[in-house]
Each structure stands twice: as structure tokens, then as C-alpha cells.
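These are the residues of each chain, in order.
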Amino acid sequence: MNISNAFSVMLLWVCFFGVSQAALPIQHWTTANGARVYFVESHELPILDVSVEFAAGSSRDAPSKSGLAAMTLRMMRMGVDGMEENTLSEQLADIGAVLGNTFDVDRAGYSLRTLSQGQFSEPALVVMASVLSKPTFPEDILARETQRAVSGMKEAETKPETVAGRQFSKMVFGDHPYQLRSGGEIETLSALTRADLVTFHATHFRAPGAVIAIMGDVTRDQATAIAEQLTRDLKNGTVPAPIPSVQMTVKGEERFISHSSTQAHILIGAPGMKRGDPDYFPLLVGNYILGGGGFNSRLTLEMREKRGLTYSVYSAFAPYREAGAFQIGLQTRCDQAGEALKVIRDTLKEFVAHGPTAAELEGDGGNSDQSSAV
């Protein structure tokens with residue numbers, strides 16, 4: 001993949017992991033109703049971690065209902081059959097369990113951490129199973145959460161980084177659903193109904209689409225029972241087809257947007273790579289040298305150390321099921337924006353043409369001779 005092709009440029013003028021350890025064996029199987037399960041058995045601590053995810057991220061929204069996926073996930077824990085929102089929260093608090101959610105453009109789901117002893121894990125898993133399969137989507141709570149989301153969005157839209165990010169996504173992804181804002185738009189959020197959430201849940205939160213990860217102080221037989229419990233009441237049937245591929249060639253363009261800030265926010269990028277790309281690790285290492293390594297990166301050396309154009313500059317890939325964006329970003333004074341953009345382009349062009357230096361590969365990028373490329 002050549003990341004130098006067809007870069008979209010948008011310039012907005014606005015003045016659970018610890019130390020590494022030996023890998024534990026991962027067991028995997030499929031439940032009777034089609035859910036995929038991944039299990040790591042570990043009895044070092046009396047803790048059980050469970051996550052259940054579905055292909056129900058923001059890319060599953062229609063433009064006219066942008067924000068539906070996120071609101072559905074948020075509302076699933078705010079009332080289930082036989083248990084209101086406060087009762088659900090109190091029950092989890094009483095046993096010291098933590099129920100969280102995960103959400104991005106591709107995926108949506110819930111995670112649970114609880115003590116593994118039965119008096120704690122069993123009621124916690126009952127709550128989790130109910131959240132996944134029996135949400136009631138109370139209309140009064142939906143109205144409350146919609147108002148909260150809209151208020152937060154109105155505030156966010158006053159911030160230059162929000163405006164910049166929205167325009168950048170539209171330029172990189174065009175009509176692809178990855179360009180949709182994960183939280184939705186003010187107009188689409190305000191129009192969502194309970195029926196919309198019920199339909200989205202029934203369509204996307206199906207057993208054959210579930211991916212379950214279980215890790216902790218349980219046996220294989222216990223993990224099998226947990227997976228069956230969590231998916232027993234989910235709907236069966238066909239899950240929606242995968243989303244389309246991202247168009248890798250986009251029209252290069254620049255966009256300048258006025259804002260009252262004293263800083264210019266600059267974003268440069270293009271479609272990048274997806275999970276499982278055969279070049280994932282070379283690109284990961286290359287990007288660390290270019291702009292992902294913080295103060296050790298070449299962009300920081302050129303932009304901050306040599307020229308004082310910015311305090312911080314970065315580059316990053318966002319790999320998803322389909323190609324996410326490769327992005328370079330920084331802030332600088334408005335009167336320096338033109339110079340900053342030129343330095344970024346020159347640095348990127350040199351890096352794509354010649355790659356990292358031997359010193360950069362050895363981890364001494366700050367003291368390397370940038371002209372001795374390998």
C-alpha cells in the first residue's frame with residue numbers, strides 16, 4: 001500500500017494492559033446458536049472478565065439515522081425486563097461488578113468484570129445477559145439521553161478540533177459509512193424513536209453475530225456455560241452483510257475553514273490500512289518513526305525541535321474492518337500554518353521515498369543523519 005497517493009488535505013484556520021508476559025493459550029469454539037467464543041483460562045486471580053461484541057458500530061447507521069447505533073448501545077443498560085435502570089446499577093454495585101461498553105465504527109458490545117466466585121459472578125452474568133438480549137428502551141429515559149447527547153454535541157461543535165475532524169472524515173471517506181459521526185448529528189439524534197432502537201437491536205444484536213471473549217478464573221466447562229447463557233435469549237437468523245470496502249484512491253484537495261481561534265488546526269491524511277493488512281507491522285514500525293513515537297519521531301524533530309512550529313505533532317493509522325484513515329495532525333499559530341504545511345509535506349515525501357534511516361531503525365532518530373536513508 002502506498003500512503004503517498006492522493007492525500008486529502010484539510011487545513012482549518014483557527015487562530016487493560018500492563019507489563020508483557022508469556023502468552024496464555026487461547027481456546028476457541030462456536031456455540032450452538034453460532035456465536036464465536038475465545039477463552040483464556042487463568043487462575044492466578046479470582047477475577048472473571050467477559051466481553052460480548054457485535055458488528056453494530058456507527059458504520060451500521062443510515063445517514064438519516066446517524067447516532068442510532070451509539071444510542072442503542074447506551075440505552076441497552078438503562079432498563080431490562082424485570083429491572084429498571086437504578087435497580088440494575090444497584091445490583092451490580094452490591095456485588096462489586098463493573099459493566100462497561102465498547103463502541104467504534106465497526107463494533108458495539110458490553111464487557112463485565114466480576115469476582116469469579118459464584119455468589120458474585122452468577123448475578124453479574126444474569127444482568128449482563130439481560131442487557132444484551134432484553135433491553136426495554138424506556139421512552140422517558142430515551143428522551144433524557146437524547147437531550148444529553150444533543151447538548152454535548154452542541155458544545156463540541158464550538159470546538160475547532162471537532163469541526164476539523166468532521167471535515168477530515170468526509171474528505172477521506174466520502175459517502176462510505178465510516179464518515180458518519182459516531183455520536184450522530186443534532187438533527188438525526190433528535191428524530192430517533194424507541195421503535196428505531198428496537199429495530200436496530202433486533203437486526204444487529206443476534207447470536208450468530210456475537211463474538212465472546214472470556215478470560216479468568218473459570219474452567220472450560222464453566223466458560224462454555226457462560227457463553228451459552230449470554231446468547232441463549234438473543235435472536236437467531238442471518239446477520240446483516242459486511243459493510244462495503246473503503247475507496248482507497250481519493251481526490252486530493254485542500255479545505256480552509258475560518259474559525260475565531262488563534263491556532264490553526266492542520267489535518268492531513270488518506271485511507272490507510274485495515275486490520276489484518278499484510279503490511280500491518282511494517283507500517284506500524286514505520287509510522288512510529290515518522291510521527292507515532294512522540295518526541296522520538298521525525299515529524300517532531302522537523303516541526304518542533306528544528307523549527308519551533310508546534311508543541312506536538314503526530315501521525316497515526318486507525319485500522320478497522322475496512323481501511324481506516326492515516327492521519328497527520330498538529331496545531332500551530334495561524335501565521336505559521338503555511339510553513340508548517342510545507343514542512344510536513346516535505347518530510348512525508350522524503351520518508352515515503354527513502355524510508356527510515358539506519359539510526360532511526362535502531363531507535364536513535366533524534367540524533368540521526370536524515371539524509372542517509374536506507
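Thresholds, definitions, all that
Residues numbered from 1 in each chain as written. Predicted model: local features only at pLDDT ≥ 70, side-chain atom pairs only at ≥ 80, totals over all residues. Heavy atoms only, no water. Helix = DSSP H or I, 4+ residues; strand = E, 2+ residues; numbered from the N terminus. Buried < 20%, exposed > 50% of the residue type's maximum accessible area, 1.4 Å probe, protein only. Areas by Shrake-Rupley, 256 points an atom, 1.4 Å probe, with all protein chains shown as cover. Lys, Arg positive; Asp, Glu negative; His and termini not counted. Charge placed at Lys NZ, Arg CZ, Asp CG, Glu CD. Pairing = 2+ DSSP bridges. Expected span 1.5 Å × (residues − 1). Arc of directions from axis to C-beta. Contact = heavy atoms within 4.5 Å. Axes fitted to C-alpha atoms, helices over the stretch in contact; angles between N-to-C directions. Salt bridge = Lys/Arg side-chain N within 4 Å of Asp/Glu carboxyl O. Polar contact = N/O pair within 3.5 Å; in protein donor to acceptor, adjacent residues only side chain to side chain. pLDDT = per-residue confidence, 0-100. Core = buried A, V, L, I, M, F, W, Y, C linked by side-chain atoms within 4.5 Å. Phe/Tyr/Trp six-rings, centres within 6.5 Å; stacked < 30°, edge-to-face > 60°. Lys NZ or Arg CZ within 6 Å of the ring centre and 35° of its normal.

Student: Would you explain the overall build of the protein chain in this entry?
Tutor: Helix and strand content of the protein chain: 12 helices and 11 strands. Across its three principal axes, the protein chain shows a C-alpha extent of roughly 65 × 50 × 35 Å. Residue burial in the protein chain is summarised as follows: out of 374 residues, 48% are buried. For the protein chain, the accessible surface area stands at approximately 18300 Å², while carbon and sulfur atoms represent 53% of it. Of the charged side chains in the protein chain, 33 are positive and 42 negative, and the gap between their average positions amounts to 5 Å.

Student: I would appreciate a short explanation of the pairing of strand β7 (residues 211-216) in the present structure.
Tutor: Here is the key point about a regular strand: its side chains alternate between the two faces of the sheet. Note: strand β3 (residues 36-41) against β7, six bridges, orientation parallel. Each residue of the ladder has a partner; that of Val37, found in β7, is Ile212. Two elements, strand β4 (residues 47-54) and β7, share six bridges in a ladder whose sense is antiparallel. Across the sheet, Leu48 pairs through a bridge with Gly216, a residue of β7.

Student: I keep staring at helix α4 (residues 139-156) and nothing clicks. Help me out?
Tutor: Note that an α-helix has 3.6 residues per turn; residues three or four places apart therefore point the same way. Helix length check: α4, at 18 residues, gives a terminal C-alpha distance of 25 Å against a target of 26 Å (1.5 Å per residue), a fit within 8%. Of all the positions in α4, only Ile141, Leu142, Glu145, Thr146, Ala149, Val150 and Met153 are classed as buried. Buried residues of α4, viewed axially, fall in a sector of 165°; they line one side. Residues of α4 that are exposed and point more than 90 degrees away from the buried face comprise Asp140, Gln147, Arg148, Lys154 and Glu155. Contacts made by the buried residues of α4 are with α1 (68-76), α2 (85-94), α6 (186-190) and α7 (194-204).

Student: Help me understand the sheet that holds strand β5 (residues 98-103) in this model?
Tutor: Through backbone hydrogen bonds, the strands of a sheet pair up, either in parallel or in antiparallel fashion. Reading across from one edge, β2-β3-β7-β4-β6-β5 is the order of the six strands in this open sheet, with mixed pairing throughout. A single partner strand is all that each edge strand has here, and the edge strands are β2 (27-30) and β5. The average undirected angle you get between the axes of adjacent strands in this sheet is 15°. The pairing of β4 with strand β6 (residues 108-115) spans eight bridges and is classified as antiparallel. Residue Ser51 lies in a different strand from β6, and its bridge partner there is Ser111. The strands touched by helix α3 (residues 118-133) are β4, β5 and β6; relative to β6, the strand with the most contacts, the crossing angle is about 170°.

Student: Could you clarify how one ought to interpret the side chain of Asp61 in this entry?
Tutor: By secondary structure assignment, the location of Asp61 is in the loop between β4 and α1. Here Asp61 occupies a buried position and makes no salt bridge, while the nearest side chain of opposite charge, Arg60, is found at 9.1 Å. Engagement of the side chain of Asp61 in a polar contact is seen with the backbone nitrogen of Gly67, the distance being 2.9 Å. Not counting chain neighbours up to four residues away, the residues in contact with Asp61 comprise Ser66, Gly67, Leu68, Ala69, Leu180 and Phe200.

Student: For this particular structure, what's the right way to read the confidence of the model for the protein chain?
Tutor: Close inspection of predicted coordinates is inappropriate in any region flagged by low pLDDT. On average, residues of the protein chain score 91 in pLDDT, and 91% of them reach the 70 mark or higher. In the model, residues 1-21 has pLDDT below 50 throughout and makes 84 contacts with residues more than four positions away in sequence or in other chains. Counting interchain partners and residues more than four positions distant, the pLDDT-below-50 stretch residues 367-374 has 23 contacts.

Student: How do you make sense of the pattern of salt bridges when you look at a structure like this?
Tutor: When charged atoms on two side chains of opposite charge get close, those side chains can pair. Tallied over the full model, the rule gives 22 salt bridges. The shortest N-O distance in the salt bridge between Glu253 and Arg255 comes to 3.3 Å. Look at Arg255 and you get partly exposed, because its relative accessible area is 29%. Connected through shared salt-bridge partners, Arg74, Glu85, Arg144, Glu145 and Arg148 make up one network.

Student: Can you help me understand the nonpolar core in this one?
Tutor: Soluble globular proteins tend to pack their nonpolar side chains together in the buried interior. The biggest cluster of nonpolar side chains holds 55 residues, and the ones touching the most others in it are Val50, Val52, Met128, Leu132, Ile214 and Leu230. With residues near it in sequence (within four places) discarded, Val52 still touches Ala108, Gly109, Tyr110, Met128, Leu132, Ala210, Val211, Ile212 and Leu230. Among the nonpolar cores identified, the runner-up in size contains 23 residues, and Leu290, Phe317, Ala337 and Phe351 belong to it.

Student: Even after reading the chapter, I still don't get the packing of aromatic side chains, so can you show me in this structure?
Tutor: Here a ring pair, both rings aromatic, is described through the centre-centre distance and the interplanar angle of the planes. According to the stated counting rule, one finds seven aromatic pairs in the structure shown. Both rings, one in Trp29 and one in Phe39, keep their centres 6.2 Å apart while their planes meet at 75°; by these two values the pair is edge-to-face. A residue pair is termed long-range when its members are at least 10 positions apart, and Trp29 in strand β2 and Phe39 in strand β3 qualify at 10 residues. Each of the two residues, Trp29 as well as Phe39, counts as buried. On the numbers, 5.7 Å between centres and 85° between planes, the contact of Phe173 with Tyr178 is edge-to-face. Grouping residues by exposure puts Phe173 and Tyr178 together as buried. Positioned above the aromatic ring of Trp29 is the side chain of Arg220, whose terminal nitrogen or guanidinium carbon lies 3.7 Å from the ring centre.

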